[in-house]
Amino acid sequence: MEKKYIIALDQGTTSSRAVIFDRDQKVVRMAQREYTQYYPKEGWVEHDPMEIFATQYGVLVDAMLLAGISAEEVAAIGITNQRETTIVWEKNTGRPVYNAIVWQCRRTAPLCEQLEAEGFGEYIHASTGLLIDAYFSATKLSWILDHIPDGHARAERGELMFGTVDSWLMWKLSGGEIFATDYTNASRTMMFNIHTLDWDEKILSRLGIPRCMLPEVKPSSSVFGFAHVDGVAVPIAGVAGDQQAALFGQCCWQEGQVKNTYGTGCFLLYNTGSRPVESKNGLVTTIAASADGSLQYALEGSVFTGGAVVQWLRDEMRFIGESADSEYYARKVQDTGGVYMVPAFTGLGAPQWDMYARGLLIGITRGTRREHIIRAALESIAYQSADLLEAVAADAGRPIVELSVDGGASANGFLMQFQSDILGIPVCRPEVYESTAQGAAYLAGLTIGFWKQQELLSARRIAVRYQPEMTVEEREKRRRGWKRAVSRSLQWAKEDAEE
């Protein structure tokens with residue numbers, strides 16, 4: 001049967017999706033399911049690995065059924081995933097030994113502080129390109145081994161396996177035949193040397209992590225093995241962490257190109273080409289996805305709470321019924337009435353890197369209404385992203401003249417216009433703004449020769465280009481207010497604990 005389609009599996013922080021692309025790179029069908037978020041303690045975030053797989057396989061089947069296609073028509077599968085989230089499972093049974101510890105989880109902050117106190121930060125930064133933070137996988141994995149019965153001994157005996165979500169999905173989809181990850185996901189674990197492209201023995205030794213439990217690492221554009229879908233072996237031919245996949249999906253393949261993804265968090269990546277650039281402004285160095293056999297690097301800034309603030313407005317505060325309602329209410333007022341929200345629910349990422357920062361709502365008066373708070377929440381996403389772009393421009397030594405955007409929250413017209421206003425540069429949203437899934441599909445399709453790079457570049461279309469409308473004076477005033485608000489949220493949880 002003719003191979004007509006590429007399927008991207010997009011395993012995100014709050015939902016699993018499957019997106020089917022045809023030869024013209026058009027979305028044929030998409031299926032999506034949300035799944036359970038667990039918050040066992042303040043600052044802790046977990047997922048059930050079995051539910052991750054069940055929802056991901058479920059939407060794969062759903063999308064194929066809805067599109068009326070069979071597995072025989074699928075040329076390849078690409079996988080993209082929430083990064084840093086840590087899963088450990090038994091080699092013999094395939095059962096997880098603990099819930100997945102999510103990238104947002106802050107439980108390992110004390111261990112990170114200990115590593116910093118030991119002077120380990122400089123080595124980790126030089127080797128992995130990262131800063132010591134509970135965000136990354138290494139300390140999460142160490143914590144799991146410390147907190148399950150005989151964890152370290154079982155790992156040493158080869159009974160346990162570690163993987164980020166991509167590794168877990170490939171293991172399950174292949175019936176245990178694939179135990180691998182790609183360069184981009186490995187580069188987010190805080191135990192992978194981005195220069196030698198190998199697991200770092202010094203870091204593993206310090207954290208008590210045996211090498212035998214770690215997956216094989218391959219380029220993003222590789223045939224990793226085969227998924228078993230309805231009895232058919234379909235090649236898994238592209239894998240990348242969600243943000244690197246989005247950079248690739250936006251066709252930011254040249255040095256100097258930059259994109260920002262607005263998902264649960266916000267993630268800005270700047271392609272630095274074949275050389276890793278060390279940040280002086282709170283960013284991290286990471287490996288970018290590539291499909292031509294070359295190795296590319298990127299500077300990255302991470303906002304921990306981006307679109308998740310809209311979910312908070314919907315689910316916890318009950319201010320809105322649907323996420324899309326946020327735009328309607330934000331436009332009901334001319335401004336926030338002086339209100340700023342700093343959504344540091346699980347600390348602040350780049351450029352502050354404060355594990356103990358906490359959420360803040362400031363500037364409230366008797367006249368503050370729900371609409372002001374909703375607008376302040378949306379504006380907080382743009383302010384945090386502006387901080388990232390400011391840091392990138394400083395590291396790059398040149399101004400950023402245009403920003404490519406994608407992700408679910410980029411569909412919010414109010415947010416994108418405000419983003420352009422607060423940056424003072426055009427913001428461009430492509431026709432397909434789910435660039436994460438598109439990037440995974442591109443990688444898989446290019447690997448097997450389904451597409452060629454030039455035809456993907458030629459097919460890219462900009463749907464909307466937002467132009468800045470705010471005056472320079474107003475922009476600078478609002479940015480000053482934002483920075484004052486951020487300064488008041490820093491170290492909040494730590495000071496509370498000390499009292």
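The model shown is predicted, which means the values in this text are computed figures rather than measured ones.

When helices and strands are tallied, the protein chain shows 17 helices and 23 strands. Along the first, second and third principal axes, the C-alpha atoms of the protein chain reach 60 × 55 × 45 Å. Within the span of the protein chain, comprising 499 residues, buried residues form 62% of the whole. Taking contacts inside the protein chain between residues at least 6 apart in sequence as the whole, the part at least 24 apart equals 73%. Element-wise, carbon and sulfur atoms account for 48% of the exposed surface of the protein chain, whose accessible area totals about 18800 Å². The protein chain carries 49 positive and 62 negative side-chain charges, and their two centres are separated by 4 Å.

Evaluated as defined, the whole model comprises 27 aromatic pairs. When the ring of Phe450 is compared with that of Trp451, the centres are 5.1 Å apart and the planes differ by 75°; the resulting orientation is edge-to-face. Accessibility classification places Phe450 together with Trp451 in one group, the buried group. These aromatic residues form a ring-pair network of at least three members: Trp103, Tyr135, Phe136, Phe267, Phe304 and Trp353. The cationic tip of Lys202 hangs over the ring face of Tyr123; the distance from NZ or CZ to the ring centre is 4.3 Å.

Further remarks concern the side chain of Thr305. On the secondary structure map, Thr305 appears in the loop between β18 (296-303) and α10 (308-315). Other than its neighbours up to four places away in sequence, Thr305 contacts Thr264, Gly265, Pro343, Phe345, Thr346 and Gln384.

Quick look at the sheet that holds strand β15 (residues 258-262) now. Strand pairing within a sheet occurs via backbone hydrogen bonds; the two strands may be parallel or antiparallel. Ordered by their spatial adjacency, 7 strands build an open sheet running β17-β18-β16-β15-β21-β22-β23, and the pairing between neighbours is mixed. For this open sheet the edge positions go to β17 (284-288) and β23 (462-466), each flanked by a neighbour on one side alone. Going from strand to strand, the sheet's axes swing by 30° on average, the running direction of each strand aside. Across 5 bridges, the pairing between β15 and strand β16 (residues 266-273) is antiparallel. Across the sheet, Thr261 pairs through a bridge with Phe267, a residue of β16. Helix α9 (residues 242-249) contacts β15, β16, β17, β18 and β21 (403-406) of the sheet and is inclined by roughly 125° relative to β15.

At their nearest, the axes of α9 and helix α14 (residues 435-447) sit 7 Å apart, and the two run at 75° to each other. By the angle between their directions, the pair α9 and α14 is classed as roughly perpendicular. Between α9 and α14, the contacting residues are Asp242, Ala245, Ala246, Phe248 and Gly249 on the first element and Ser435, Thr436, Gln438, Gly439, Ala440, Tyr442, Leu443 and Leu446 on the second. Across the contact of α9 with α14, the residue classes tally to 7 nonpolar, 5 polar and 1 charged.

Counting residues in hydrophobic clusters, the biggest one holds 110 residues, and the most contacted among them are Leu141, Met191, Met213, Leu214, Tyr262 and Leu403. A total of 13 residues in this core trace back to one element, the largest contributor, which is helix α12 (residues 370-396). Not counting chain neighbours up to four residues away, the residues in contact with Leu214 comprise Leu141, Phe162, Phe179, Met191, Trp199, Leu204 and Ile209.

For Ala186, the position within the fold is in helix α7 (residues 183-186). Since its relative accessible area comes to 1%, Ala186 is described here as buried. The sequence separation of Ala186 and Arg83 amounts to 103 residues, and the corresponding C-alpha distance is 9.1 Å. Beyond its immediate sequence surroundings of up to four residues, Ala186 is in contact with Thr181, Phe192, Trp199 and Val217.

Reading the values: the criteria
Note that residues are indexed from 1 along each chain, following the sequence as it is written. Since the coordinates come from a predicted model, pLDDT governs what is reported: local features require at least 70, and pairs of side-chain atoms require 80 or more to be given and counted, while whole-chain, interface and lining totals use all residues. Note that water and hydrogens are dropped before the side-chain values are worked out from all heavy atoms of the structure. Per the convention used, a helix needs a DSSP run of H or I reaching at least four residues, while a strand needs a run of E reaching at least two, with both numbered from the N terminus. Between buried and exposed lies partly exposed: a residue is buried under 20% and exposed over 50% of the maximum accessible area for its type, with that area taken using a 1.4 Å probe on protein chains only. We call two residues in contact whenever any of their non-hydrogen atoms come within 4.5 Å of each other. Only the protein chains shown count as covering a residue, and every accessible area follows the Shrake-Rupley method with a 1.4 Å probe. Think of it this way: Lys and Arg go in the positive column, Asp and Glu in the negative one, and His and the chain ends go nowhere. To locate a charge, take atom NZ for lysine, CZ for arginine, CG for aspartate or CD for glutamate. Any Phe, Tyr or Trp ring, taking Trp's six-membered ring, that has another such ring centre within 6.5 Å forms a pair; planes under 30 degrees apart are called stacked, those over 60 apart edge-to-face, and the others tilted. Comment: the charge-over-ring label is applied if NZ (Lys) or CZ (Arg) is within 6 Å of the ring centre and within 35 degrees of the ring normal. Between any two strands, pairing holds if DSSP finds at least two bridges. The axes are straight lines fitted to the C-alpha atoms, using for helices just the contacting stretch, and the angles between their N-to-C directions are given from 0 to 180°. An angle below 35 degrees is read as roughly parallel, one above 145 as roughly antiparallel, one from 65 to 115 as roughly perpendicular, and any other as oblique. Residues are grouped as follows: nonpolar covers Ala, Val, Leu, Ile, Met, Phe, Trp, Tyr, Cys and Pro; charged covers Asp, Glu, Lys and Arg; every other residue, Gly included, is treated as polar. We define a nonpolar core as any set of buried Ala, Val, Leu, Ile, Met, Phe, Trp, Tyr and Cys residues linked to one another through side-chain atoms lying within 4.5 Å.

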